[in-house]
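# Structure at a glance
Next come the chains, spelled out residue by residue.
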Amino acid sequence: MIIIFIFVLLSSVFYFFLRKKRSYNLENEHYLITGGSSGIGLALATVAVWLGCSVTIVARSKVKLEKAKESLLSELKNTKQKVLTFSVDVSNKDNDLVSIVKEAEKCSGPITVLVNCAGTSVCHPFLDTPKEQFSKMLDVNFLGSVHMTQAVLPLMKERKSGSVVFVSSIAGLMGLYGYSAYSASKFALLGLAESLQMEMKPFNISITVSFPPDTDTPGFEEEMKNKPLETQLISESGGLFSAEEVASNLLNDILDKKFMSTVGFVSKFICTLCSAMCPINSFFDLALQMVTMGLCRVVGAIVLWNFDKIIKQCAVEKEKEK
Ligand SMILES: NC(=O)c1ccc[n+]([C@@H]2O[C@H](COP(=O)([O-])OP(=O)(O)OC[C@H]3O[C@@H](n4cnc5c(N)ncnc54)[C@H](OP(=O)(O)O)[C@@H]3O)[C@@H](O)[C@H]2O)c1
């Protein structure tokens, strides 16, 4: 058992370093990224542009879109590359996303990768969460992704090629204090993605779900303003990553057609633990999961026990303050 464990561990390290050395050329590719005007979405658009890709970014604010476009145009690597922007609210089912997709394809060629990154968060204990926030989370984080995917997927299906990405969150794999509304909307993406990957296999369309940990973005800064202390202390344990780090890692995973994508040791650990019936990423990931799952569950139980301790401690402090 120990020999198998060491073999899998060494193979994974070897694989990890081999993969890092690969370089990609994305000329002739076209990425459509919702939420591409800020944070993780913009970082992904930037990395894609560095690799020679055309990008279309979709968000609501025209000001942010223009600023993002300017920054992307300054990074172009060849004359064939195009940067398009569309201002639209993806959560509104009445918006004509099909026309946007058609226009984007007419100008920049077939969309090869769709990244559903537009999202928002709210962080309050359940009973303090305004009712409308539950629908807002589902409308933007879940339905926004459904609407754009329904607009792009028929074209990919016809061409029998493409990748669809859903940006969830570590909070979309495990419910955390304060995230009842947000977590539920991000958990929904995993169910959607698992079903879709089965349906899309015959059409050579890969599905990737991204589970970023805390990432330093304008959206994260906004969320921090009202975050309960309990949530702050719990999520601190996963570390804070840069949008560039998350985006580069995600791009590699999209190109490798991985189903689960994340970055950082703690997040990889949580993905391993939650992977039981998820589609298989690679032989190495499967082997690692087989060998470490039991141990991960024990460590997971200790982590959860520590989270409970944090919450109890905060409750005691709050009681004292009263
Ligand atoms: N940052 C983190 O710590 C973290 C961790 C895990 C997961 N995530 C997820 O990663 C994704 C990106 O997060 P971020 O931190 O980079 O956020 P961000 O900086 O706030 O960027 C969000 C992007 O989504 C767009 N957007 C929001 N609502 C939209 C709507 N209804 N229609 C169209 N576009 C919309 C925003 O532009 P407009 O406002 O102009 O529309 C913006 O371009 C989100 O799905 C988030 O849940 C983030």
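To start, this report covers the structure provided alongside it. (Residues numbered from 1 in each chain as written. Predicted model: local features only at pLDDT ≥ 70, side-chain atom pairs only at ≥ 80, totals over all residues. Heavy atoms only, no water.)

This brings us to the overall build of the chain. Scanning the chain from N- to C-terminus turns up 11 helices and 9 strands. For 322 residues, the compact-globule formula gives about 20 Å, and the C-alpha radius of gyration of the chain, at 20 Å, lands near that figure. Taken along the three principal axes of its C-alpha coordinates, the chain extends 60 × 55 × 35 Å. For the chain, the proportion of its 322 residues judged to be buried stands at 49%. Considering only contacts in the chain between residues 6 or more positions apart, those separated by 24 or more positions represent 74%. Both charge centroids of the chain, one from 33 positive and one from 32 negative side chains, sit 4 Å from each other. (Helix = DSSP H or I, 4+ residues; strand = E, 2+ residues; numbered from the N terminus. Rg over C-alpha atoms; globule rule 2.2 N^0.38 Å. Buried < 20%, exposed > 50% of the residue type's maximum accessible area, 1.4 Å probe, protein only. Contact = heavy atoms within 4.5 Å. Lys, Arg positive; Asp, Glu negative; His and termini not counted. Charge placed at Lys NZ, Arg CZ, Asp CG, Glu CD.)

The strand order across the open sheet built from 7 strands is β3-β2-β1-β4-β5-β6-β9, with neighbouring strands paired in parallel fashion. Sheet topology places β3 (83-87) and β9 (260-261) at the edges, where each strand pairs with a single neighbour. Bridging between strand β5 (residues 162-167) and strand β6 (residues 205-210) involves 6 bridges; their strand directions are parallel. Within the sheet, the bridge partner assigned to V167 lies in β6 and is S210. The sheet strands contacting helix α6 (residues 180-200) are β5 and β6, and the helix crosses β6 at an angle near 165°. (Pairing = 2+ DSSP bridges. Axes fitted to C-alpha atoms, helices over the stretch in contact; angles between N-to-C directions.)

Moving on, we get to a nonpolar patch on the surface. A grouping of I280, L286 and M290 is seen on the molecular surface, where their side chains present a nonpolar patch of about 310 Å² in accessible area. By the element assignment, L286 lies in helix α11 (residues 283-321). (Patch = residues over 30% accessible without salt bridge, like charges linked within 9 Å, V, L, I, M, F, W, Y side chains within 5 Å. Areas by Shrake-Rupley, 256 points an atom, 1.4 Å probe, with all protein chains shown as cover. Salt bridge = Lys/Arg side-chain N within 4 Å of Asp/Glu carboxyl O.)

So, about the nonpolar core. The nonpolar side chains of a soluble globular protein tend to be buried, and buried together. By size, the foremost hydrophobic cluster in this structure holds 51 residues, and its most contacted members are M148 and I207. Every element with two or more residues in this core is listed here: β3, α4 (97-108), α5 (131-159), β5, α6, β6, α10 (265-273) and α11. Here this core takes 7 residues from α6, the largest share from any one element. The residues touching M148, leaving out its near neighbours within four places in the chain, are L32, T34, V58, V90, L97, V101, L114 and N116. Formed by 32 residues, the second largest nonpolar core is a distinct cluster that contains I40, A45, L251 and V263. (Core = buried A, V, L, I, M, F, W, Y, C linked by side-chain atoms within 4.5 Å.)

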